[in-house]
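Commentary on secondary and tertiary structure
Each chain, letter by letter, is given below.
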Amino acid sequence: MGYWDLQEGTDCVEKTWITTKLATALGLVGSAYHIVAYQPDSALVALQRATNTTVTMATMGAIFGMATCLTAQAREAPDDPVNYFVGGCASGIFLGARTHSAMTGTTACLGLGTVAFFTKVARWRDGR
C-alpha cells in the first residue's frame, strides 16, 4: 500500500513508516552521488558520510510523516494542504537544528513546507 492510498489523518504509524523508507532511500542515493563526486580520503570517512546523510534524511521523513498526520488529526481537517506545510516545515526545522543554523532551518522550513503544500494542492486538484 502506498502513501497516497491511506486516508489522511489516519494510520499515522504506517504513513510515517512509508515516508521514512522513502527518505532513507533518497538519503542513500544522495550520499552515493556525493561520495562519487567528492571522493573521501578513506573508506571510514565514506561510511561516516553515507551514514550521516542517510540517518538525517530518514529522520526528516519520519518527522514529515508524523507531523503531517498528527496535524491533520489535531485540526480535524484531514485534506487541508496546510497539514503538509506543517510537516515540511517541521522537517526543515530539524535540518536547521542538525546543522546548528537558524538560517538553514528557516529556509528549509519555508522551502520544504511550500513544496509539500503545493504537492498536496496538485494531488487534491486532480481529485486523488
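Residues numbered from 1 in each chain as written. Predicted model: local features only at pLDDT ≥ 70, side-chain atom pairs only at ≥ 80, totals over all residues. Heavy atoms only, no water.

**Digging into the state of the cysteines**
Under the definition given, this model contains two disulfides. Bridging C12 to C69, the disulfide has an S-S length of 2.0 Å. What sets the handedness of the C12 and C69 disulfide is the S-S torsion sign, and at about -80° it is left-handed. With C12 in helix α1 (residues 12-37) and C69 in helix α2 (residues 43-75), this pair connects stretches of sequence that are 57 residues apart. When sorted by exposure, C12 lands in the same class as C69, which is buried. Bridging C89 to C109, the disulfide has an S-S length of 1.7 Å. Where C89 bonds to C109 through sulfur, the torsion about that S-S bond is close to -70°, and the disulfide is left-handed. A residue pair is termed long-range when its members are at least 10 positions apart, and C89 in helix α3 (residues 82-99) and C109 in helix α4 (residues 102-125) qualify at 20 residues. (Disulfide = S-S within 2.5 Å. Helix = DSSP H or I, 4+ residues; strand = E, 2+ residues; numbered from the N terminus. Buried < 20%, exposed > 50% of the residue type's maximum accessible area, 1.4 Å probe, protein only.)

**Looking at the pattern of salt bridges**
Taken as a whole and assessed by the stated rule, the structure comprises three salt bridges. Residues K120 and E8 are paired through a salt bridge, measuring 3.4 Å at the closest nitrogen-oxygen approach. A residue pair is termed long-range when its members are at least 10 positions apart, and K120 in helix α4 and E8 in the segment before α1 qualify at 112 residues. According to the relative accessible area criterion, K120 is buried, its value standing at 4%. Exposure remark for E8: the relative accessible area of 8% places this residue in the buried category. By sharing partners, the salt bridges in this structure join E8, D79 and K120 into a single network. (Salt bridge = Lys/Arg side-chain N within 4 Å of Asp/Glu carboxyl O.)

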